[in-house]
Amino acid sequence: MHRGVLLALCVDAAAALQPFRAAPRRAVAARARFETGDDVPGGTYETYEHDGWTCGYRHKTGCEPAIVLLHPVGIGLSSWFWTRVMAELPNEVYAPDFIGCGRSDAWDPAERGLFLPLDYSRQVEELWRQKIGKPCCVVAQGGLAPVGVYLASRSSDRWDGAR
C-alpha cells in the first residue's frame, strides 16, 4: 500500500453559482493575528529554506493524518485562504505560502525564473522533508490542482522518487 500522498480536489459547484460578494474589510488587529498565525486556534506562522528562498507556512497541531493545504495562486492569495478550514479541522495542518505569495520571498521573474508547477511541487516536497516527515494528505484547490497531481505522481514515503 502506498502511504505517500492522497490527493483531494475540492470543488464546490453550488458556491461557484452564487453571486459574488465582496468580503468585509478586516481590522488592523485581524491582520496582526494573521501575521503570527494566531487567527487559527493553536496556529503558528513559521519559515523554512528552499533553494535559496525563505518560504513561510502556517501550522496547526492536531491529530493524524497531517493535511497540507495548497492555496490557489492569484493577486493577494496565500495561506490565509485556508484560515476557516484550518480552524475547523481536528488534524495537524500545514498551509505553505508559495514563492511570491504571502510571507514567502517575493519573486521577480527578471531576476530568477521558476518552472511552474514543478517548482511549487518541489517547494512542498522540501516543506515535507524539513517539517512534516510523515504520510500526509494534500488538498489542492483551483489552478494549483496540477501541483497536487504532480505531488501524487512523485509520492513516496520520503519523496525520493525520480526527479
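Chains are numbered independently. Their residues run from 1 in the order of the written sequence. Predicted model: local features are reported for residues with pLDDT of at least 70 only, side-chain atom pairs are reported and counted for 80 or more only, and whole-chain, interface and lining totals are derived from all residues. Only hydrogens and water are set aside; all other atoms, that is, all heavy atoms of the structure, feed into the side-chain values.

**As for the pairing of strand β4 (residues 63–70)**
Working note: regular strand, side chains alternate between the two faces of the sheet. Only strands that DSSP links by at least two bridges are regarded as paired with each other. Secondary structure is summarised from DSSP: a helix means a run of H or I of at least four residues, a strand means a run of E of at least two, and numbering begins at the N terminus for each. In the sheet, β4 pairs with strand β5 (residues 91–96) via three bridges, with the strands oriented parallel. Each bridged residue has a counterpart across the sheet, and for Val68 the counterpart in β5 is Tyr94. When the strands point away from the viewer, a crossover counts as right-handed if the path from the first strand over the helix to the second runs clockwise. The β-α-β motif built from β4, the intervening helix α3 (residues 83–88) and the parallel element β5 has right-handed crossover chirality. Sheet topology note: the β4/strand β6 (residues 136–140) ladder contains five bridges and is parallel. Bridge assignment links Val68 to a residue of β6, and that residue is Val138.

**A closer look at helix α5 (residues 145–153)**
Every buried residue of α5 is listed here: Ala145, Val147, Gly148 and Leu151. All buried residues of α5 project into a common sector of 160° when viewed along the axis, lining one side. Each residue is assigned to one of three classes by its accessible area relative to the maximum for its type, calculated with a 1.4 Å probe on protein chains only: buried under 20%, partly exposed between the two thresholds, exposed over 50%. The directions from the helix axis to the C-beta atoms are what the arc is built from.

**So, the confidence of the model for the protein**
For every residue, the pLDDT score states the predictor's confidence, bounded by 0 at the bottom and 100 at the top. Overall, the prediction assigns the protein a mean pLDDT of 79, with 71% of residues at 70 or greater. Per-residue pLDDT, averaged within each element of the protein, yields its smallest value for helix α1 (residues 13–16) (39) and its largest for β5 (97). We call two residues contacting when some pair of their heavy atoms lies within 4.5 Å. When the criterion is pLDDT under 50, residues 1–32 qualifies, and its contacts beyond four places in sequence or with other chains add up to 30 contacts.

**Structural notes on the nonpolar core**
Ranked by internal contacts, the top residues of the largest apolar core, which has 23 residues, are Val68, Leu70, Tyr94, Phe98 and Ile132. Per-element accounting of this core gives the leading share, five residues, to helix α4 (residues 118–132). Beyond its immediate sequence surroundings of up to four residues, Phe98 is in contact with Leu70, His71, Ser104, Tyr120, Gln123, Val124 and Leu144. By nonpolar core we mean a set of buried residues, namely Ala, Val, Leu, Ile, Met, Phe, Trp, Tyr and Cys, connected to one another through side-chain atoms within 4.5 Å. In terms of nonpolar packing, the next biggest core, distinct from the first, is built from nine residues, Val40, Trp82, Val93 and Cys137 among them.

**Some points on the packing of aromatic side chains**
Stacked, edge-to-face and tilted labels apply to pairs of Phe, Tyr and Trp rings (six-membered ring for Trp) whose centres lie within 6.5 Å, assigned for plane angles under 30 degrees, over 60, and everything in between, in that order. Evaluation of the coordinates by the stated rule reveals five aromatic pairs. For the ring pair Phe81 and Trp82, a centre distance of 5.2 Å and an interplane angle of 85° mean the geometry is edge-to-face. Look at Phe81 and you get partly exposed, because its relative accessible area is 31%. Linked through ring pairs, Tyr48, Tyr57 and Tyr94 together constitute an aromatic cluster.

**Describing the pattern of salt bridges**
Opposite charge on two side chains permits them to pair, given that their charged atoms come into close proximity. A pairing counts as a salt bridge when a side-chain nitrogen of Lys or Arg comes within 4 Å of a carboxyl oxygen of Asp or Glu. Scanning the model with the defined rule gives five salt bridges in all. Across the salt bridge formed by Asp51 and Arg112, the nearest N and O atoms sit 2.6 Å from each other. Placement of the pair is Asp51 in the loop between β2 (43–50) and β3 (53–60) and Arg112 in the loop between β5 and α4, with a sequence separation of 61 residues. In this structure Asp51 comes out as exposed when scored by relative accessible area, which is 55%. Put simply, Arg129 and Glu126 hold a salt bridge, and the shortest N to O gap is 3.1 Å.

**Focus on the environment of His59**
Here His59 shows up in strand β3. Not counting residues up to four positions away in its chain, the partners in contact with His59 are Gly42, Gly43, Thr44, Glu46, Met86, Glu92, Val93 and Tyr94.

**Structural notes on the environment of Asp39**
Its place among the elements puts Asp39 in the loop between α2 (28–36) and β2. Note on Asp39: relative accessible area 17%, which makes it buried. As for Asp39 and Arg84, which are separated by 45 residues in sequence, their C-alpha atoms are 9.1 Å apart.

**Points about the packing of α4 against α5**
The angle between the axes and the distance between the axes are what describe a pair of packed helices. Orientation is described by axes fitted as lines to C-alpha atoms, over the contacting stretch for helices, and by angles from 0 to 180 degrees between their N-to-C directions. At a minimum axis distance of 9 Å, the contact between α4 and α5 shows a crossing angle of 60°. Judged by the angle between their axes, α4 and α5 are oblique. Like other packed secondary-structure pairs, α4 and α5 cross with a definite hand, here right-handed. Residue-level contacts link Leu118, Tyr120, Ser121, Val124 and Glu125 of α4 to Val147, Tyr150 and Leu151 of α5. An angle below 35 degrees is read as roughly parallel, one above 145 as roughly antiparallel, one from 65 to 115 as roughly perpendicular, and any other as oblique. The hand of a helix crossing depends on one turn: near helix anticlockwise from the far one by less than a right angle means left-handed, and clockwise means right-handed.

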